[in-house]
Amino acid sequence: MKKTLTAVVAAFGFVQAMAQQGGNYTVSGTIADTRGFGDVAYLVRYDDGKRLDSVRLDGKAFSFVGRVDTAVFCCIASGSRAVGYFILEPGDIKVNTSDEGKCRPSGTPMNAEMAGIDAEAAALNAKLRKTIAGLRSRGLDAGELNRQAGEFTANTQQYFRTRGDELFARHGNDALGEYLMGTDYMQARRDIDQMKKIGTFGPWLRSRTKVRALWDRIKAKRSTMRGAQYRDIYGRDADGNPVKLSDYVGRGGYVLVDFWASWCGPCKREIPYLARLYKKYKDKGLTVVGVFVWDKEENLRGAMREEGIKWPQIVDTEEAARKKYGITGIPQIMLIGPDGKIAARDLRGERMVRFVEGKLRGE
């Protein structure tokens, strides 16, 4: 006889209640690749990186024993590596560390469900990659290739969002919901959709460090979109002297701000476009300023020489890129108007050149 929806919900509620009530656990497995591990493994809470326990490895094997009051998302880690992601809940948990990118634990209800969700996402992404590779092999022109690939990608992302709604409806206040935050079931959403979804979560999940950080990042990004007043950035220039973004903004011209790093390949591909604009318009109402982020300050001068960068730089010592502008990926290039308001974000390549030149012409 088929289970009724009421019975399924009741069963789920029982499992969730057991996880929230707490109980004893064992977490065991083997480290498939012990490079960087030494002879000690740590049980680490994913949210804040706190080490909950440590054991000496028996060859490659580990076993943790303890009690947990509220289920949390965790991993097995050493000083420099993390493997074997799982949910720490009452029961006998088996952790798979054979692939650092997978979450395939077993032995308890929430871990079994997490493993299934992870496998589903992996299969969908594999299908997406295979489909796009197949389209490329057909010799389609660029326009048709982009259209078909974009359509299939959009359909996949829509599935992740729809399926994510279903999953978060059941796990909006528990450790499985915490795990879902880092998956395509949340990441396929636009920023505003992420904010709306977080707003439906229960108090425990909203209290997680990484959930709060995501909420703050999205708020920062939404408040610094087109039309918003720029926010100042304080740091040091290439010579180590104090400098701030307001040294360049609000002086009668446009300011093109490039958030970049020496290790970032896509950032380097934007430099020729920035150089064209700098050379042509540096004395005609445009200032180009680099903001050096997520990099070592000592790398700046060498990177400037290597890339032929002539325009001024600000080393982002306060991490203003993330805190004030909600930036999580680079390059991020934005244009700030003479009035200090942001004219555009996410500028790239020839589109950036056309947009900036249009603004300088008064369009």
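See above for the structure.
Residues numbered from 1 in each chain as written. Predicted model: local features only at pLDDT ≥ 70, side-chain atom pairs only at ≥ 80, totals over all residues. Heavy atoms only, no water.

Colleague: What exactly am I supposed to notice about the packing of helix α9 (residues 265–281) against helix α12 (residues 349–360) here?
Modeller: Two packed helices can be described by the angle between their axes and the distance between those axes. Taken N-terminus to C-terminus, the directions of α9 and α12 make an angle of 20°; their axes are 9 Å apart at the nearest point. The pairing of α9 with α12 is recorded here as roughly parallel in orientation. As for the relative orientation of α9 and α12, their crossing is right-handed in sense. Note on element contacts: α12 touches α9 through G349, E350, M352, V353, V356, E357 and L360, opposite E270, Y273, L274, R276, L277, K280 and Y281. Residues of the contact of α9 with α12, tallied by class, amount to eight nonpolar, one polar and five charged. (Axes fitted to C-alpha atoms, helices over the stretch in contact; angles between N-to-C directions. Helix = DSSP H or I, 4+ residues; strand = E, 2+ residues; numbered from the N terminus. Parallel < 35°, antiparallel > 145°, perpendicular 65-115°, else oblique. Left-handed = near helix turned anticlockwise from the far one by under 90°. Contact = heavy atoms within 4.5 Å. Nonpolar A, V, L, I, M, F, W, Y, C, P; charged D, E, K, R; others polar.)

Colleague: Would you mind showing me how to read the sheet that holds strand β2 (residues 40–45) here?
Modeller: Backbone hydrogen bonds hold the strands of a sheet together, and the pairing may be parallel or antiparallel. Ordered in space as β3-β2-β5-β6, the four strands form an open sheet in which the pairing is antiparallel. Strands at the two margins of the open sheet, each flanked by one partner only, are β3 (51–56) and β6 (82–88). Sheet twist, expressed as the mean angle between neighbouring strand axes with direction ignored, is 20°. As judged from the five bridges shared by strand β5 (residues 72–77) and β6, these two strands associate in the antiparallel manner. Following the sheet pairing, A77 is matched in β6 by A82. Here helix α2 (residues 109–137) sits on the sheet in contact with β5 and β6, set at roughly 130° to β6. (Pairing = 2+ DSSP bridges.)

Colleague: Explain the pairing of strand β1 (residues 23–30) to me, please; I cannot follow it from the model alone.
Modeller: Each regular strand displays side chains that alternate between the two surfaces of the sheet. Note: β1 against strand β4 (residues 61–68), eight bridges, orientation antiparallel. Note that in β4 the partner of N24 across the bridge is R67. By the bridge criterion, five bridges tie β1 to strand β7 (residues 91–95) in an arrangement that is parallel. The residue of β7 that forms the bridge with V27 is I93.

Keep in mind these values describe shape, not function.
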